[in-house]
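Residue-level listing of the chains:
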Amino acid sequence: MSWGTELWDQYDNLSFHTQKGIDFLERYGHFIRDRCLIEMEYAGKLRRLVKNYQPKKKEEEEYQYSTCKAFKAMLCEVNDLAGQHEVIAENLQSDVIREINYLVKDIKEERKKLLQDSAKYVAMINNQVASLERSRKNYEKAFKEAERALDNFQRADADLNLSRAEVEKQRMNMAIKNQHCEESKNEYANQLQKTNELQSQHYKALMPEVFRQLQELDEKRIRNVRHFMAHSADVERNVFPIINKCLDGIINAANQVNEKQDTILVIERYKSGFEPPGDFPFDDLSRGGESTPLILPGSGNTYVSSGVGAHRSESMTVKGTMSAGKLKKRVGLFAIFSSNKNNLSSSGDKDDYSELPPNQRRKKILQKLDEMQAKLHQEIAAKDGLMKMKGVYESNPALGDPMSTEGQLNECSQRIDKLNSDIAKYQGLLQEVECNVSPAGTRKHELTEHNGIGNGSTNNLSNHNNRIITSLTDGRAPLGEDESLSRSASDSSVSIPAVGINNRYSGETVSLGASRNSLANDEDPPPYYDIHDLPPLGTCTALYAFEATSEGSIPMFDGEQLLIIEQDQGDGWTRVRRQPPNVEEGFVPTSYISIHSS
């Protein structure tokens, strides 16, 4: 079935139909565009919803419970769902809407060209038909004139009164008219032949070809509409696996909810550490000041009389009971907590946490100690880097002035001293709390278990902490004001609480750069010469000979095998140790050695 043969005479209808097809394609494109807007709007609203319900900073403590963690994980999955809807919108925009726009443009241009060709063919046939009509009219007119000329000649020839010249004139006129009529007849015949040929070509070749191309154009539009519909569904189907994973993530988050664990967290968070209140004493006024324990029948409670005129102590009434929280004027239960208003931190809370119950106070102090230990390790690492930089400047003044690091070293030392004093302060507070809430003999075990310190925990220390050893001190300030800030003196003057070596909060300190020999005698230790029982990190081979020109470095010859004690920290120096028996440690340029795996 072809439009060219079946609809040869429906040019106007076909033109209207193809235009309606283009309008439908554009309408479908507008539908996909609005669908993209809805998907983007939905994704945006989902993201705003997730943002509105994200935990605030002040609510982070509440999100330690499994339900809150599950809800937070669900928010992440919902945010991922929003992202998948954005993917749907983006793919529809790039794969469907853009293709529709290109297709509409191509179809419009092709249809316009075909309609122009068809209009040209129609104009050609109309002009030919008009020429045929003119030639027919000319032939008809010439034929009538030839007939009149023949009649005039016959009347003149029969009229005896006319001269021979007049008769000859009519005869010549008749001949001319006949010739003109014959020419018009021939012209009419030629135009008729041309018109018939053009009409046949018009209705059998030219217009059917235009209709065929219009038909192919319309079928192309229909095929693409089918393709666009299927592709739109595929775009949405392709994100279903990820959406299912998001939903599976929500289910997994829900499965992580543990009511028993949350119950334990509530106990740990709100447990005060107080003992339940004892029995109320019985005041027997008739005993004259003597207290007699009485047991009321059926109660099982003992009441102690305090004599005539005696009264129960205020601290022995409702302290420690559930209703005690209603006593607004009380600072704490059993009058344990201090009312000193000068111990307030920058956040408004007391820096010794004396307003908290014992268990909560102990928890806060442990957290504070953890924070200060982390800061102390950072400061020590920063000072170590400054010392190495100073050593490099001393060995090569062209790189910088060694004295430029003095100010930073002083500030770093002051911060370390301040952290040491704060740690000692909170260690004392912790000991005070531990004496109140648990036997002294078990405190060390609890602290070690709470902070995860045990066998093998020293493996988590940094390279800097691998070079420290414990030295029992009397608590004096680790850095004197008159001490030098040279490389060796500064390294040996930094004291920090020993972490992961003995007791985490035992108050012991460690000295950086102090060798084993410095513990046995009072001689100054050699710079950058620590204990030799630290395990090497690997081996290396000297690529070039190196002569030690700065303090802390050691010489080496080409091809020498060395043990790596400390990796390059970014300053271009690696700490190595010589092979026995000549055991010597120091720094060499990293670019001068080839490092092998351990």
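The name that an unreviewed UniProt entry assigns to the protein chain is Formin-binding protein 1-like, with the source organism given as Macrosiphum euphorbiae. Per its UniProt entry, the protein chain bears the Sequence similarities (unreviewed entry) comment "Belongs to the FNBP1 family."

Things to note about a nonpolar patch on the surface
A cluster of nonpolar residues, L543, Y544 and Y592, forms a patch on the protein surface that exposes about 280 Å² of accessible area. Along the chain, Y592 turns up in the loop between β9 (585-589) and β10 (593-596).

Description of the pattern of salt bridges
As a working rule, side chains carrying opposite charge can pair if their charged atoms are close by. The full count for this structure, using the stated rule, is 25 salt bridges. Residue K177 pairs with E145 through a salt bridge whose shortest N-O separation is 3.4 Å. Of this pair, K177 sits in helix α4 (residues 164-238) while E145 sits in helix α3 (residues 66-158); the two residues are 32 residues apart in sequence, bridging distant segments of the chain. When its relative accessible area of 18% is taken as the criterion, E145 is described as buried. Taking the shortest distance from any N to any O, the salt bridge between E584 and R578 comes out at 3.2 Å. Relative accessible area serves as the criterion here: at 9%, R578 is assigned to the buried category. What emerges from the salt-bridge pattern is a single network uniting E133, R136, E140 and K144.

Considering the packing of aromatic side chains
Counting across every chain of the model gives 7 aromatic pairs. Aromatic pair Y139 and Y188: ring centres 5.9 Å apart, planes at 0 degrees, arrangement stacked. One end of the pair, Y139, is in helix α3; the other, Y188, is in helix α4, and 49 residues separate them in sequence. On the basis of relative accessibility, which here comes to 22%, the residue Y188 falls in the partly exposed class. A centroid spacing of 5.8 Å and a plane angle of 80 degrees characterise the contact between F546 and Y592, whose relative ring orientation is edge-to-face. Remark: Y592 occurs in the loop between β9 and β10 and F546 occurs in the loop between β6 (538-542) and β7 (561-566); sequence separation between them is 46 residues. Exposure remark for F546: the relative accessible area of 11% places this residue in the buried category. The exposure class of Y592 is partly exposed, given its relative accessible area of 30%. Through a chain of ring-to-ring contacts, three or more aromatic side chains come together here, namely Y544, F546, W573 and Y592.

Focus: the sheet that holds strand β8 (residues 573-578)
Pairing is antiparallel in the open sheet, where 5 strands are placed in the order β9-β8-β7-β6-β10. Each of the sheet's edge strands pairs with one partner strand only, and the pair in question is β9 and β10. The mean angle between the axes of side-by-side strands here comes to 45 degrees, regardless of whether they run parallel or antiparallel. Bridging between β6 and β10 involves 4 bridges; their strand directions are antiparallel. Paired with A542 across the strands is I593, a residue of β10.

About the criteria used
Residues numbered from 1 in each chain as written. Predicted model: local features only at pLDDT ≥ 70, side-chain atom pairs only at ≥ 80, totals over all residues. Heavy atoms only, no water. UniProt positions renumbered as here; feature names shortened; annotations may be inferred. Patch = residues over 30% accessible without salt bridge, like charges linked within 9 Å, V, L, I, M, F, W, Y side chains within 5 Å. Areas by Shrake-Rupley, 256 points an atom, 1.4 Å probe, with all protein chains shown as cover. Salt bridge = Lys/Arg side-chain N within 4 Å of Asp/Glu carboxyl O. Helix = DSSP H or I, 4+ residues; strand = E, 2+ residues; numbered from the N terminus. Buried < 20%, exposed > 50% of the residue type's maximum accessible area, 1.4 Å probe, protein only. Phe/Tyr/Trp six-rings, centres within 6.5 Å; stacked < 30°, edge-to-face > 60°. Pairing = 2+ DSSP bridges. Axes fitted to C-alpha atoms, helices over the stretch in contact; angles between N-to-C directions.

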